[in-house]
Amino acid sequence: MTILVTGADGYMGWPTLMRIALRFPDEKIVGVDNGFRRLWVHEVGSWSAVPIYPMDERIQAFKEVFGQDNIEYRHVDLRDYYIVKKLVEEYKPRAIVHLAAQPSAPYSMISPRHAAFTQENNVISTLNIIHAVKEVDPSIHIIETTTMGVYGTPNMDIPEGFFEIEYMGRKDKLPFPHQAGSWYHWSKVHDANNLMFATRVYKLAVTDLRLGVVYGVHTEETKKDPRLATRFDFDFWFGTLYNRFCAQAVTGYPLTVYGKGGQTRGYISLDDTAETLALAVEKPAEQGEFRVINMLVETVSVRQMAEKVKEAGSKIGLEVEVMTVPPPRVEALEHYYKPKVERLFKELGLKPKYTVDKALPEDLDALMKVKDRIMAKKDKFLPKELAKKG
C-alpha cells in the first residue's frame, strides 16, 4: 500500500510525511514537492530561522534515526496533469494528503502576477489531483487542507462546512457562505468548491480539513536530529502571527500588532497538525462524501497573542515591547468569532498535545538558539511601507 503526501518539503509537509511514515511502517510513503516554498521565501529576501536540509539528506537522516526505509521523494510540479496522472498510476495510493499550495495571504496580494500565480498554482494542482484520481482509481481518499479563512469572520457561529437555513418558507442544508480575505484564501475557496463538486459527480471520497493558523518550531520527530528540522518562517509574508511574534521577541524587536489587535483566529500546533493528518488517513471519508472538519484547538486574538508572548518572554528574561502598525489588508479590527469544532475530536479522535501557552516556553527557547539567523533578516518582519508607518 502507498500514501502520497504533496507539499512534502514544506513547513507542515515534512513533519507530516514523517508522522505518516512512522504510523504506517509497512506502507510506502511518497513525498511530492517542486521546491517552490524555498524559492518564494528567497524571493521576498528572507530565509528559514531554523536551517533546513535538502530532501535527500532529510530522508537519509530519517532512515538512520528511526530505522525505517519507507519514504520516497519525487520532485514533481502538480500543475502538469499528465505528470500527476502518471504519478497516481505508478504508485496507486490509497490516500493522497494534499498539502501543496502557495500558502501566504500577503504574498498573494503583492501584485497581479502574484495573485494570478497563487490561483493557478493552487487551483490547477488540486484539479489535476481530482481528475487523476477519477481516471485512475476513484476510491483513493483525498485529504485536502483548505483553511478556516474561507469562512471569513461572520457575525454568527461558524458551522463545519454546512448549515441549515430557512428562506421564503423553505428549508435546506447548504454550504456556509465564503467570505475570504485574500487571493490565497479565495484559491482555497475554489479548491473546496471543486472538491465538493467532484464528490457529487465522480463519487470521490474527500476530507476537507479547514485549517486554523499552524504554529510551533518542532514536532516529536523533528526534535530527534537537526537534519530532521522543518522550516520556520518569520518574515511578514510567510511567518504566521505566533511564529513571527516569537521571532520578534527573541531579537528584541517590538511585537507588531495590527490596529486594535482584535482580529481573532483559530490556532493549532504543528505537532497536532501532523497528528490530525495521520488520523485522517486512518479514518477515511466515505465514497461520495465531502467531509468538512474545522481544524483548530483554540481561538486567540492578535492582542491576546501579543500578551501571551510578552508574558512567556518575561519569564526567560526577555524584554518584550508591543508596536501598533496599520492592518496590512482590509478586515474588521474587532469581530465575533466562534467556529464549531466537534468532528476533529469526536470523529478523528485528536487529543491535542499543545496549546499556545504550553508551546511558548519550548518555542522561545528553540528560537534563542537561532537568534543570529533571525537578526540577520529582522528587516523582513514588516514590508517597508508598514515599517515606515509603525
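Refer to the structure above for everything that follows.
Bear in mind the structure is a predicted one, so any value in this text is a computation, not a measurement.

Peer 1: I would appreciate a short explanation of the pattern of salt bridges in the present structure.
Peer 2: Side chains that differ in charge, positive against negative, can pair when their charged atoms come close. Across all of its chains, the model carries 34 salt bridges by this definition. Between Glu64 and Arg227 there is a salt bridge, and its shortest N-O distance comes to 3.0 Å. Taken together, the positions of Glu64 in helix α3 (residues 55-66) and Arg227 in the loop between β9 (213-215) and α8 (241-251) put the pair 163 residues apart, joining distant regions of the chain. Relative accessible area serves as the criterion here: at 47%, Glu64 is assigned to the partly exposed category. According to the relative accessible area criterion, Arg227 is partly exposed, its value standing at 22%. With a closest N to O distance of 3.3 Å, Lys223 and Glu220 form a salt bridge. Residue classification places Lys223 among the partly exposed positions, given a relative accessible area of 36%.

Peer 1: Would you mind going over the sheet that holds strand β13 (residues 298-301) with me for this structure?
Peer 2: For sheets, the rule is that strands pair by backbone hydrogen bonds, running either parallel or antiparallel. With mixed pairing, 3 strands are arranged side by side in an open sheet as β9-β11-β13. The open sheet has two free edges, formed respectively by β9 and β13, since each of these has just one partner strand. In this sheet, adjacent strand axes meet at a mean angle of 45 degrees when their direction is disregarded. As paired strands, strand β11 (residues 264-269) and β13 are joined by 4 bridges and run antiparallel to one another. Its bridge partner being in β13, Gly266 is matched across the sheet by Thr299. Packing against the sheet, helix α10 (residues 302-314) makes contact with β11 and β13, and its axis sits at approximately 90 degrees to β13.

Peer 1: Can you help me understand the packing of aromatic side chains in this one?
Peer 2: Working definition: an aromatic ring pair is given by the centre-to-centre distance plus the angle between the planes. Per the counting criterion, the structure on display carries 15 aromatic pairs. On the basis of an interplanar angle of 65 degrees and a centroid distance of 5.9 Å, the ring pair of Phe36 and Trp40 is categorised as edge-to-face. Of this pair, Phe36 and Trp40 both sit in helix α2 (residues 36-43), 4 residues apart, roughly one helical turn. The buried category is assigned to Trp40, whose relative accessible area is 7%.

Peer 1: Any chance you could explain α8 here in plain terms?
Peer 2: For an α-helix the count is 3.6 residues per turn, leaving residues at separations of three or four pointing the same way. With respect to burial, α8 is a largely interior element, 11 of its 11 residues being buried. Listed as buried for α8 are Leu241, Tyr242, Asn243, Arg244, Phe245, Cys246, Ala247, Gln248, Ala249, Val250 and Thr251.

Peer 1: Got a minute to help me understand the packing of helix α4 (residues 81-91) against helix α6 (residues 112-136) in this structure?
Peer 2: When two helices pack together, their arrangement is given by the angle between the helix axes and the distance between those axes. Closest axis-to-axis distance for the α4/α6 pair is 9 Å, and the angle between their directions is 45 degrees. The orientation of α4 relative to α6 falls into the category oblique. Considering how the two elements wind past one another, α4 and α6 form a crossing that is right-handed. Where α4 approaches α6, its residues Tyr81, Val84, Lys85, Val88 and Glu89 are matched on the opposing element by Asn128, Ile129, His131, Ala132, Glu135 and Val136. Counted by class, the contact of α4 with α6 contains 6 nonpolar, 2 polar and 3 charged residues.

Cut-offs and rules
Residues numbered from 1 in each chain as written. Predicted model: local features only at pLDDT ≥ 70, side-chain atom pairs only at ≥ 80, totals over all residues. Heavy atoms only, no water. Salt bridge = Lys/Arg side-chain N within 4 Å of Asp/Glu carboxyl O. Helix = DSSP H or I, 4+ residues; strand = E, 2+ residues; numbered from the N terminus. Buried < 20%, exposed > 50% of the residue type's maximum accessible area, 1.4 Å probe, protein only. Pairing = 2+ DSSP bridges. Axes fitted to C-alpha atoms, helices over the stretch in contact; angles between N-to-C directions. Contact = heavy atoms within 4.5 Å. Phe/Tyr/Trp six-rings, centres within 6.5 Å; stacked < 30°, edge-to-face > 60°. Parallel < 35°, antiparallel > 145°, perpendicular 65-115°, else oblique. Left-handed = near helix turned anticlockwise from the far one by under 90°. Nonpolar A, V, L, I, M, F, W, Y, C, P; charged D, E, K, R; others polar.

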